[in-house]
Amino acid sequence: AVKTKLQALRDGAKQGKILRDGIQLVLAGAPNVGKSSLLNRLAGEEIAIVTPIAGTTRDRVKESIQIEGVPMHIIDTAGLRRTSDEVEAKGIERTWDAIQLADLVIFLTAPNSEKEANDLRAQILEALPAKCPILELINKSDLLDKDSADVNGKALLISAKTGEGI
């Protein structure tokens, strides 16, 4: 009975903390998978710069929104990859820092990035704090033939560009 009451108290405190402080959502993935586009779509305005050039986002971009009264702090991050560019490397280091503080990591991939995505997913899972959930999204569904799209049920299919699946 004591364990049950303590667990109920702990759950209530966690919910109160979320309502007070909000949830830290970190958008993570390789360059050019649509992290900044998703931030812009969720914010309802052009917060982050979006270009077809890999490495455009070099520092964290943070925007706060509310969904059903719950504050959500969405953090767009630099794309994770190996680089010799000193500035981009610093941004990637900050991405890993943000991942370690996340309440939820939204891991984005693009179609046809299977091998690299699996390697990156494993690295992110290794870096996550205990019990931090990860939501996997395959972005750019607008570029796919819907009949041939195979996501194996492990990820949600979205298009940050068109809003499909958001």
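Look a little higher up for the structure.
So, here is what we can say about the structure in this document. (Residues numbered from 1 in each chain as written. Predicted model: local features only at pLDDT ≥ 70, side-chain atom pairs only at ≥ 80, totals over all residues. Heavy atoms only, no water.)

Attention shifts here to the nonpolar core. Core analysis: the largest hydrophobic core is formed by 18 residues, its most contacted members being Leu 25, Leu 27, Leu 38, Ile 106 and Leu 108. Elements with a minimum of two residues in this core: strand 1 (23-29), helix 2 (35-43), strand 3 (70-76) and strand 4 (104-109). If you look at the next biggest cluster of nonpolar residues, it comprises 16 residues, including Ile 75, Ala 78, Ala 98 and Ala 127. (Core = buried A, V, L, I, M, F, W, Y, C linked by side-chain atoms within 4.5 Å. Buried < 20%, exposed > 50% of the residue type's maximum accessible area, 1.4 Å probe, protein only. Helix = DSSP H or I, 4+ residues; strand = E, 2+ residues; numbered from the N terminus.)

Time to look at the packing of helix 3 (residues 86-100) against helix 4 (residues 114-127). Viewed as axis vectors pointing N to C, helix 3 and helix 4 meet at an angle of 55 degrees, and their least axial separation amounts to 9 Å. The angle between the axes of helix 3 and helix 4 places the two elements in the oblique class. The residues of helix 4 that touch helix 3, namely those facing Trp 96, Ile 99 and Gln 100, are Gln 123, Ile 124 and Ala 127. When its residues are assigned to classes, the contact of helix 3 with helix 4 shows 4 nonpolar, 2 polar and no charged. (Axes fitted to C-alpha atoms, helices over the stretch in contact; angles between N-to-C directions. Parallel < 35°, antiparallel > 145°, perpendicular 65-115°, else oblique. Contact = heavy atoms within 4.5 Å. Nonpolar A, V, L, I, M, F, W, Y, C, P; charged D, E, K, R; others polar.)

With that out of the way, let us pick up the pattern of salt bridges. Scanning the entire structure with this criterion turns up 6 salt bridges. One salt bridge in this structure joins Asp 59 and Arg 94, with 3.0 Å as the shortest N-O distance. With Asp 59 in the loop between helix 2 and strand 2 (61-67) and Arg 94 in helix 3, the pair connects residues that are 35 residues apart, well separated along the chain. Residue Glu 136 pairs with Arg 121 through a salt bridge whose shortest N-O separation is 2.5 Å. (Salt bridge = Lys/Arg side-chain N within 4 Å of Asp/Glu carboxyl O.)

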